[in-house]
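Chains, contacts and geometry: an overview
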Amino acid sequence: DLDDNIPELAELIAEVQIAREIAAEPVLLVSAPSATEILQATSPSRSGPFLPVPLRTTQRQLANHVLARPDNAIAEQLRATDGIDVARRLGIYRNAYRARLAEVLADTFTKTALYLGSDTFDQLARGFATIHPPLERSLNRYGAPFVAHLQACYPHSPELWQLAQLDWDLRACFDGMDAAALDVAGAAADQDSTWLTRERALHPSLVLREITMNVISIWRAIDDDADVPQAATLTGPTTLAVWRKALQPHFRTLDANEAAFLMGLAGGDSIARVAANLECGPLAPDPDALGLWLREWLTAGFLLGNAGNPTR
């Protein structure tokens, strides 16, 4: 369970009371200072008990306090209130902000969080948040560097960051660009078979990854709430395909020949050109096998539709 790291009831009640008191405080509206007042206030030669701080500096101090180490300078910019200590107010914000980002990462990396355990994952996620604050408008894309963060923290546990990569790819393809997929009917209706000679033939949601560990077995065991197998190295590197069909993410492993063909397509070549390039090599596809692949790709949604320009 990812929600087992809960403070004691007395602490929760105290924080709720503080939040209620803050919410009940009257809002004081003050007029904006003039340009002359700003220049005088920020002048290095100014002396006196009050020195307004530029907004950018205040924002930076608050960000440092929340994401890095406590910065007492920001406390001087906040209005003190009766019965509510400024340091405690900042502490609540600091903890709540990190906790929210950790929750976002736990939702994105669901199987990874369960594999690590909630306490360990929460600690890693909060540490990640201090280094990588969100910079995009949507938290759906937050966590892209988390796989590299795990790899740096656990360099000798490739199953962990390969599992995290699978979690991320499944979420990313769900939130990825929208584009129509080419299906069997669409291919049959293309009387000139232009879909075989069109460059950039793959659907934009499709991602190809090399895995070396049994992360598929681990992922499926966690998903089925079954006993999770021990991490094990595969007999050889395997290519994993992750894609979205309609609104449902999917993944499956590929044999070496099919993976080589799809890698050629991922480079931007057309189906016809990749077939010609592989014709004389050790990974040349058998015509019957290529026919089966094409039908599977059309059924699964691997290929981009004739009419579509991807949009977000």
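By convention here, each chain's residues receive numbers from 1 onward along its written sequence. Confidence filtering applies because this is a predicted model: local features only for residues at pLDDT of at least 70, side-chain atom pairs given and counted only at 80 or more, and all residues used for totals across whole chains, interfaces and linings. Excluded from the side-chain calculations are hydrogens and water; all other atoms, namely the structure's heavy atoms, are used.

**Digging into helix α14 (residues 287-300)**
Since the α-helix packs 3.6 residues into each turn, any two residues three or four apart lie on the same face. To be explicit about the condition: A run of H or I in DSSP counts as a helix once it spans at least four residues, and a run of E counts as a strand once it spans at least two, with each numbered from the N terminus. Take the number of residues in a helix, subtract one, and multiply by 1.5 Å to get its expected span. Accessible area is worked out with a 1.4 Å probe on protein chains only. A residue is then buried under 20% of its type maximum, exposed over 50%, and partly exposed in between. The directions considered for the arc are those from the helix axis to the C-beta atoms. We call two residues contacting when some pair of their heavy atoms lies within 4.5 Å. N or O atoms closer than or at 3.5 Å make up a polar contact, with two conditions inside protein: a donor-capable atom paired with an acceptor-capable one, and, for residues adjacent in sequence, both atoms drawn from side chains.
Between its first and last C-alpha atoms α14 spans 20 Å; for 14 residues at 1.5 Å apiece the expected length is 20 Å, and the two agree. For α14, the set of buried residues is Leu 290, Trp 293, Leu 294, Trp 297, Leu 298 and Ala 300. Projection of α14 onto a plane perpendicular to its axis shows the buried side chains occupying an angular sector of 170°, all on one side. Facing away from the buried surface of α14 by more than 90 degrees, the exposed residues are Asp 288, Leu 292 and Arg 295. Looking at the buried residues of α14, the elements they touch are α10 (184-189), β2 (233-245), β3 (248-254), α12 (256-266) and α13 (271-278). For α14, the capping residue at the N-terminal end is Asp 286, with a side-chain oxygen 2.9 Å from the backbone nitrogen of Asp 288.

**Some remarks on the confidence of the model for the protein chain**
Inclusion rule: pLDDT measures how confident the predictor is about each residue, on a scale from 0 to 100.
Per-residue confidence for the protein chain gives a mean pLDDT of 80, with 71% of residues at or over 70. In the predicted structure, residues 26-51 sits below a pLDDT of 50 and forms 11 contacts with residues beyond four places in sequence or in another chain.

**Describing the packing of α12 against α14**
Basically, it comes down to this: Each axis is a line fitted through C-alpha atoms, and for a helix only the stretch in contact is used; angles between axes span 0 to 180 degrees, taken between their N-to-C directions. Put simply, angles under 35 degrees are roughly parallel, angles over 145 are roughly antiparallel, angles from 65 to 115 are roughly perpendicular, and the rest are oblique. In this scheme, a crossing is called left-handed if the near helix is turned counterclockwise away from the far one by less than a right angle; it is called right-handed if the turn is clockwise. Residues are sorted three ways: Asp, Glu, Lys and Arg are charged, Ala, Val, Leu, Ile, Met, Phe, Trp, Tyr, Cys and Pro are nonpolar, and all the rest, Gly among them, are polar.
Interhelical geometry of α12 versus α14 gives an angle of 60° and a closest axis separation of 11 Å. For the element pair α12 / α14, the angle class is oblique. For the element pair α12 and α14, the recorded crossing hand is right-handed. Contacts between α12 and α14 pair Asn 257, Glu 258, Phe 261, Leu 262 and Leu 265 from the former with Leu 290, Trp 293, Glu 296 and Trp 297 from the latter. Class assignment for the residues of the contact of α12 with α14 results in 6 nonpolar, 1 polar and 2 charged.

**A closer look at the nonpolar core**
Note the threshold: Buried residues of nine kinds, namely Ala, Val, Leu, Ile, Met, Phe, Trp, Tyr and Cys, make up a nonpolar core once their side-chain atoms join them within 4.5 Å.
Core analysis: the biggest nonpolar cluster contains 24 residues, and Trp 195, Phe 261, Leu 262, Leu 265, Trp 297, Phe 302 and Leu 303 have the highest contact counts within it. Contributions of two or more residues to this core are made by β2, α12, α13 and α14. Looking at this core, the element that brings in the most residues is α14, giving 6 residues. Those residues in contact with Trp 297, other than ones at most four positions away along the chain, are Arg 252, Glu 258, Phe 261, Leu 262, Leu 265, Phe 302 and Leu 303. Judged by nonpolar contacts, the second largest core, of 22 residues, contains Leu 101, Ala 102, Phe 121 and Leu 160.

**Let's talk about the sheet that holds β3**
Two pairing modes exist for strands in a sheet, parallel and antiparallel, and in both the strands are linked by backbone hydrogen bonds. This is how the line gets drawn: When DSSP finds at least two bridges between two strands, those strands are taken to pair.
Taken in spatial order, the 3 strands of this open sheet run β1-β2-β3, and their pairing is antiparallel. Where the open sheet ends on each side, the last strands, each with one partner, are β1 (207-213) and β3. The mean angle between the axes of side-by-side strands here comes to 30°, regardless of whether they run parallel or antiparallel. With 7 bridges joining them, β2 and β3 adopt antiparallel strand pairing. Bridging across to β3, Lys 245 finds its partner in Gln 248. Along the sheet face, helix α11 (residues 215-223) touches β1, β2 and β3 and points at about 145° away from the line of β3. Across the sheet, α12 touches β1, β2 and β3, and the angle it forms with β3 is around 125°.

**What to know about the packing of helix α9 (residues 158-174) against α11**
Relative orientation of the contacting elements α9 and α11 amounts to 65°, with a least axis distance of 9 Å. The two elements α9 and α11 cross, and the hand of that crossing is right-handed. When α9 is examined against α11, the residues Glu 159, Gln 162, Leu 163, Leu 166, Asp 167 and Leu 170 are found in contact with a partner set consisting of Val 215, Ile 216, Ile 218, Trp 219 and Ile 222. The residue makeup of the contact of α9 with α11, split by class, is 8 nonpolar, 1 polar and 2 charged.

**Re the pattern of salt bridges**
This is how it is decided: Any Lys or Arg side-chain nitrogen located within 4 Å of an Asp or Glu carboxyl oxygen qualifies as a salt bridge.
One pass over the full model with this rule turns up 8 salt bridges. A salt bridge links Glu 103 to Arg 100, with the nearest nitrogen and oxygen atoms 3.5 Å apart. Of this pair, Glu 103 and Arg 100 are both found in helix α5 (residues 86-108), 3 residues apart, which corresponds to roughly one turn of the helix. Its relative accessible area of 46% is what places Glu 103 among the partly exposed residues. Relative accessible area serves as the criterion here: at 45%, Arg 100 is assigned to the partly exposed category. The salt bridge involving Arg 252 is made with Glu 296; its shortest N-O contact spans 3.7 Å. Of the two residues, Arg 252 is situated in strand β3 and Glu 296 in helix α14; the sequence distance between them amounts to 44 residues. Three or more residues joined by partner-sharing salt bridges are found here, namely Arg 252, Glu 258 and Glu 296.

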